[in-house]
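Breakdown of the fold
Okay, here's what each chain looks like letter by letter:
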Amino acid sequence: MSTWLDVPDEHPYGIDNLPLGSVRDAAGRRFAAARIGDRAVELTHAGQYAPLFADGSLDAFLAAGPVTWRGLRALLTDWLTDDSYRRSVQPLLTPLSELTPVLAFTVADYVDFYASEDHASNVGRIFRPDGEPLTPNWKHLPIGYHGRSGTVVVSGTDVRRPSGQARNPDGSIRFGPSQRLDIEAEVGFVVGAGSAPGRPVPVSAFADHVFGLCLLNDWSARDIQAWEYVPLGPFLGKSFATSVGAWITPLDALAQAWVAPPARDLEPLGYLDDSAVPSGLDLQLEVSLNGTVVSRPPFATMYWTPAQMLAHLTVNGAHARPGDLFASGTVSGPERDQRGSLLELTWNGSEPLALADGTTRGFLQDGDEVAITATAPGPHGPIGIAEVRGRIVAS
Ligand SMILES: O=C(O)/C=C/C(=O)CC(=O)CC(=O)O
Ligand SMILES: [Ca+2]
Ligand SMILES: [Mg+2]
C-alpha cells in the first residue's frame, strides 16, 4: 500500500485518483478538498496553493492552469504517501459521511453535445421516423447547443418536476407538469484554463485547458422538448436542472483510460482531426433507477471525442473561460442495455422497464431516484468517477 491511510492502491478512490471537490461541514463551513477513500482532505492549508482555495471553491485553482494542477497533485501525493506527513495531514481528514457536497466551481458557460452515434440514431428513429436517423451534418461536426449554466446542481440535489407546454395526441396544447421526464447519462468536461478570444483551441491542446471530468445527468422533459425545440433546439425541456457529480476527476488520473475512438466513416475537416493521439476515453457508466441497474453505457463508443468538442466550440473565435462545462451528450452503446436515456431504453415509453421492486417505468415518477456511476482503467485497478444522483420531487 503506497499511502499510509487504510486505503489500498486498488481502491476506486485510492492514491491514483484524488478527485477534487467542495464540501460543507456540520457547522456550515465550506472548504475545497481532495477525496481519498471515503474521506476528504481539506485544501485550505495546502502550502503555496492555499490562497487559491480561500473561498472554498475550486474556481481560482481551475483558472491557474496545468502547472498548478500538477503541482497540487504532487503535493497531495507526497502528503498521503510519505509517512512523515501523517501527523500534520491527519487533522485535515474528514469522513465524507460528515460532509455535504457543494457545487465545486462556478459554472461559466454550459454546452451539451450530441456525440453518441447510437444515441443520435435511436432518437432520430423515435422522433423522426420518416427521415434518416442521423441528420446530414452529424458526421461533419459535433452538434451541440447552449444550456443554462445557472441551473447546474451538485449530486444529491432534488430535482423538481418541470411544468411547461406540450402537445396532446389530438393536437391540442396543454400546460402542466411534464409527463415524460427523463434522464440523460453523460460525461461533463470542466475547463480550467481559458483560451484567448479569436484563438481556436486545437485538438492537441485539450489537456492545456481541460482540468478533468465528472458524471452529468441532463434531466430532460421529452414532452416539453418535442413541442418546443424545432427549429432552435432544446430550451425549457432541459434548462430546469442539470446534475453533476461532486468530485472532479483530473485528466492526470486518467492516463490509462485513453483509447482510439470508433472508426469514422467520413474524414472530418482538419481542425477536427484527432488521429495523432488516442482521444477516446474508456469510461464504463452504470445507470440505476431506484436501486435497479437499468443500463451500462460505454463511453468508448462515442463518435466525437472531447478534444474535438473543445476544438469545435472555439473554432469560430469564441474563447473558453475558466468554469466552462461541456457535456458529451447522452452516452449510448449499440446494445439495448447500454442506452443512456429512458427515451431509448423504453422506446418512448412503449416498452416499460421492470424494476427490482416489481414496478415498471416508462418515464420518471415523483420520488424516483437516479444514480449514475462510472469507472475508468487505472494503474492498480478501476478509477472511480464520482456518482451523480438526484431524486424527482413533485412539481
Ligand atoms: O435528436 C433529437 O431530436 C434530440 C436529442 C436530445 O434530446 C439529446 C440531447 O440533449 C443531446 C444529447 O444528450 O446527446
Ligand atoms: Ca443531453
Ligand atoms: Mg439540462
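Residues numbered from 1 in each chain as written. Chains lettered and ligands numbered in written order. Predicted model: local features only at pLDDT ≥ 70, side-chain atom pairs only at ≥ 80, totals over all residues. Heavy atoms only, no water.

What to know about the UniProt feature "domain: Fumarylacetoacetase-like C-terminal" (unreviewed entry) in the chain
- On the UniProt side, "domain: Fumarylacetoacetase-like C-terminal" (unreviewed entry) is annotated at positions that read residues 111–387 here.
- End C-alpha to end C-alpha, residues 111–387 measures 20 Å, and it is 13% helix and 29% strand. (UniProt positions renumbered as here; feature names shortened; annotations may be inferred. Helix = DSSP H or I, 4+ residues; strand = E, 2+ residues; numbered from the N terminus.)

Section: the site of ligand 1
- If you check the shell around ligand 1, you find 17 residues, and the closest are Tyr114, Gln225, Tyr229, Lys238 and Thr330.
- A distance of 2.6 Å is found between an oxygen atom of ligand 1 and a side-chain nitrogen or oxygen belonging to Lys238.
- Contact with the protein chains covers 95% of the free accessible surface of ligand 1, which is 380 Å².
- Among the cavities detected, the one that contains ligand 1 is the largest pocket. (Near = heavy atom within 4 Å. Polar contact = N/O pair within 3.5 Å; in protein donor to acceptor, adjacent residues only side chain to side chain. Areas by Shrake-Rupley, 256 points an atom, 1.4 Å probe, with all protein chains shown as cover. 1 Å grid on protein atoms, 1.4 Å probe; cavity = no way out; pocket = protein on both sides within 12 Å on 5 of 7 lines; lining within 4 Å. Sits in = over half its atoms within 2 Å of the grid points.)

Quick notes on the coordination of the calcium ion (ligand 2)
- Here the calcium ion (ligand 2) is held by Asp112 (OD), Glu184 (OE), Glu186 (OE) and Asp218 (OD), and the distances to it run 2.1 to 2.3 Å.
- Taken together, the six donor atoms surrounding the calcium ion (ligand 2) define angles of 77 to 163 degrees at the centre, an arrangement classified as irregular.
- Read N to C, the donor residues that coordinate the calcium ion (ligand 2) are spaced as D-x71-E-x1-E-x31-D. In this pair, Asp112 sits in strand E6 (residues 110–113) while Glu186 sits in strand E13 (residues 185–191), placing the two residues 74 residues apart along the sequence. The pair Asp112 / Glu186 is uniform in exposure class, with both members buried. (Donors = N, O, S within 2.8 Å, 3.2 Å for Na, K, Ca; no water. Tetrahedral: all angles 85-135°; square planar, octahedral: opposite > 155°, others 65-115°. Buried < 20%, exposed > 50% of the residue type's maximum accessible area, 1.4 Å probe, protein only.)

A look at the pairing of strand E25 (residues 369–376)
- Sheet analysis places strand E20 (residues 284–289) next to E25, joined by six bridges and oriented antiparallel. Bridging across to E25, Val287 finds its partner in Ile372.
- Note: E25 against strand E26 (residues 383–393), seven bridges, orientation antiparallel. When the sheet's bridge partners are listed, Ala374 is paired in E26 with Ile385.
- Hairpin connection between E25 and E26: a loop of six residues separates the two successive antiparallel strands, and Gly381 in this loop has a positive phi of roughly 155 degrees. (Pairing = 2+ DSSP bridges.)

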